[in-house]
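Architecture at a glance
Spelled out, the chains give:
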Amino acid sequence: MTTAICTTGLTKYYGAHRGVLDVNLEIKQGDVFGLLGPNGAGKTTCIRMFLDFIRPTSGTISVLGMDSRADSVEIRKHIGYLPGDFITYEKLTSGELLEYFVNLRGDTLTKAKVLADRFDLDLSRKIGELSRGNRQKIGLVQAFMSNPELLILDEPTTGLDPLLQQEFHKLVLEEAKAGKTLFVSSHVLSEVEVICDRVGIIREGALITVEEVAALRERALTHVAIEFENPVSPSDFETVEGVTEVVVTEHKMSCNVTGSIDSLIKAVAKHTVHKIESAHPGLEEVFLAFYNDDDTEKEDYYAE
Amino acid sequence: MLSNIYLKTLRDSRKSVLFYSIGSISLGLYVTLFYPTIRDATGFAEFLDQLPEVMQSLIGDAETYTTAEGFLNAELFSFMGPLVIGIFAIIAGMTAIAGEEESHTLDQLMANPISRTNLLAQKIGALLTNLMFLSIAMWVGLTGGSILAGFDLSISGTTQAIISQYALGAVLGLLALSVGASTGKKGLAGGVAAGVGLVGFLLDTFLSLVDLLNPARFISVFYYFNSNDVILHGINVVHFLTLVAIAVTAIAISLWRFERRDLAN
């Protein structure tokens, strides 16, 4: 299978300031890849290099099998791009902007109109009069309208209300099903979790890890609270595999579990249980683990 | 008008071009309709001859001032004409690339399959086209005004003066565009081009009277625009080609720099 995006030793400095450092990334065609990191971590820097808006200080980028710089025009024929804050010509109406971009791409408005209907976008209003959410809708429509092979979406749901976010997630999943490659940058962890197969975590310009979402979730912490019929002792659970932070108050116990909770369930089964509650494992926990200020803990985590 | 960047740029500037064109026609009409008053004023030529050299340098050639072409040379092509064309050209040039960049619309535009060279070529094309509209408007004002006022005006001389002025406008506009495309900084682009225009004007007029600075006239774009009074004596080919060479150099620098630099977000 062809690689959609491949970077080797990708480094970018803005003068003396760090952009990204030695990023090695391989995204296969058909992947839905999420790049996760806080603001300023280097997500947008990566994206702007993929699109040849800025040039690497060192390293190489191949997009859809082509050189990001020499073949940038050909590459952009096959890319749909949505920036985090979609800023465009405020004096044009939404319809005029889509017409302009369609003309620049030598395309037709057919799919744009379908998408505009789907996102309930009024094509007759001037962009300058629209709310941020509505502007972001235009951004989404123009990114998807030319049926691109590769979609690069930088913080795509910024400003969208929850219903439209859901609609956007549905659209992404449809495109993924159709075999499109999606590169989504986000600091909204739950979003990446919903739409992505693989996630890269970037911090201070360095790509810390790339993992399957399922694998990350397995490593995520689950918070469990159990109510027993009779009082229990902390020692009944402290030695169970993956269990930490055990707190017992008479016949109630709470703890964190890393990975599978199977061992805990087996230990709990020795007692009569009234109620079990567990918080849904989110990437937040994984994310927080990666971004923990305690460097030793973090290094141990990476070393696993 | 939304088929490509060239037409979109013309569309964006249509109101501004309309107002500048009305201004250019009005300016042409104003000086031509005013000319008979000066021509018929008795003793005006003698009065000009008595003026100090500094004052004469402001007005132009005292001997030809009372001729139609001499009057237009002094009253239009020495200051007001290049001022109108120059201001328009500099604003259009500084906003062409740097304006898009500073208003954060360039990223989204460049996400489409367009090369930077193509973008620059279309922006340059739009700038030169708009300058042509303004120049035609001024030519219409002058020739129309001469007909209305009932005096003969050299069409060839007027056309050549308008063409030379167009070249000056193109140089200033392309300088602004070049600095903007090379740096992404609109203010710097406007400042450099306006500085070149203003210093050029001063070197070619007042400062040329200072013996020490007189040789510096040759670095003034105004020297190459109208030092030989184009409306009276026709275009000096060497001077005109010098303006063309400056414009081509500005384009070459903008292409070279714009292709190589990072775009601002």
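Residues numbered from 1 in each chain as written. Chains lettered and ligands numbered in written order. Predicted model: local features only at pLDDT ≥ 70, side-chain atom pairs only at ≥ 80, totals over all residues. Heavy atoms only, no water.

1. As for a nonpolar patch on the surface
Residues and elements named next belong to chain B. The following threshold applies: Patch membership needs two things, relative accessible area over 30% and no salt bridge, and members are linked within 9 Å if like-charged or within 5 Å if nonpolar (Val, Leu, Ile, Met, Phe, Trp, Tyr). Accessible surface is estimated by sampling points in the Shrake-Rupley manner with a 1.4 Å probe; for residues, cover comes only from the protein chains shown. Counted as salt bridges are all cases of a side-chain nitrogen of Lys or Arg within 4 Å of a carboxyl oxygen of Asp or Glu. Helix and strand assignments follow DSSP, with helices taken as H or I runs no shorter than four residues and strands as E runs no shorter than two, numbered in order from the N terminus. Residue exposure (1.4 Å probe, protein chains only): buried if accessible area is under 20% of the type maximum, exposed if over 50%, otherwise partly exposed.
Side chains of I25, M132, F133, I136 and V140 sit close together on the surface and give an oily, nonpolar patch of about 400 Å² of accessible area. At 4 residues, the largest contribution of residues to the nonpolar patch is made by helix α8 (residues 116-149). With respect to the helices and strands, I25 occurs in helix α2 (residues 14-40). Here I25 falls in the partly exposed class, since its relative accessible area comes to 30%.

2. Here we look at the packing of aromatic side chains
To keep things clear, this is the line we draw: Stacked, tilted and edge-to-face pairs are distinguished by plane angle, under 30 degrees for stacked and over 60 for edge-to-face with tilted covering the rest, among Phe, Tyr and Trp rings (Trp via its six-membered ring) whose centres lie within 6.5 Å.
Counted according to the given criterion, the structure contains 17 aromatic pairs over all chains. Each ring, one from F50(A) and one from F183(A), has its centre 5.3 Å from the other, and the planes form 85°; the classification is edge-to-face. Here the residue F50(A) occupies a position in helix α1 (residues 43-50), and F183(A) occupies one in strand β8 (residues 181-186), the gap between them amounting to 133 residues. When its relative accessible area of 1% is taken as the criterion, F50(A) is described as buried. Judged by its relative accessible area of 1%, F183(A) falls in the buried class. Measuring from centroid to centroid gives 5.4 Å for F201(B) and F222(B), while their planes differ by 70°, and the two rings are edge-to-face. Linking F201(B) in helix α10 (residues 186-204) with F222(B) in helix α11 (residues 221-226), this pair joins segments that are 21 residues apart in sequence. The residues F201(B) and F222(B) share a single accessibility class, namely buried.

3. Notes on the interface of chain B and chain A
To be explicit about the condition: Residue contacts are counted whenever heavy atoms from the two residues lie within 4.5 Å of one another. Here's the idea: put two parts together, see how much 1.4 Å probe accessible area each one loses, and the total over both is what we call buried area.
Counting residues at the interface gives 27 residues for chain B, matched by 26 residues for chain A. Where chain B abuts chain A, roughly 2400 Å² becomes buried across the two surfaces, and 52% of that area is made up of carbon and sulfur atoms. On the chain B side of the contact with chain A, L2(B), Q108(B) and P113(B) bury the most area, a combined 28% of that side's loss. Where chain B touches chain A, the interface holds 3 salt bridges.

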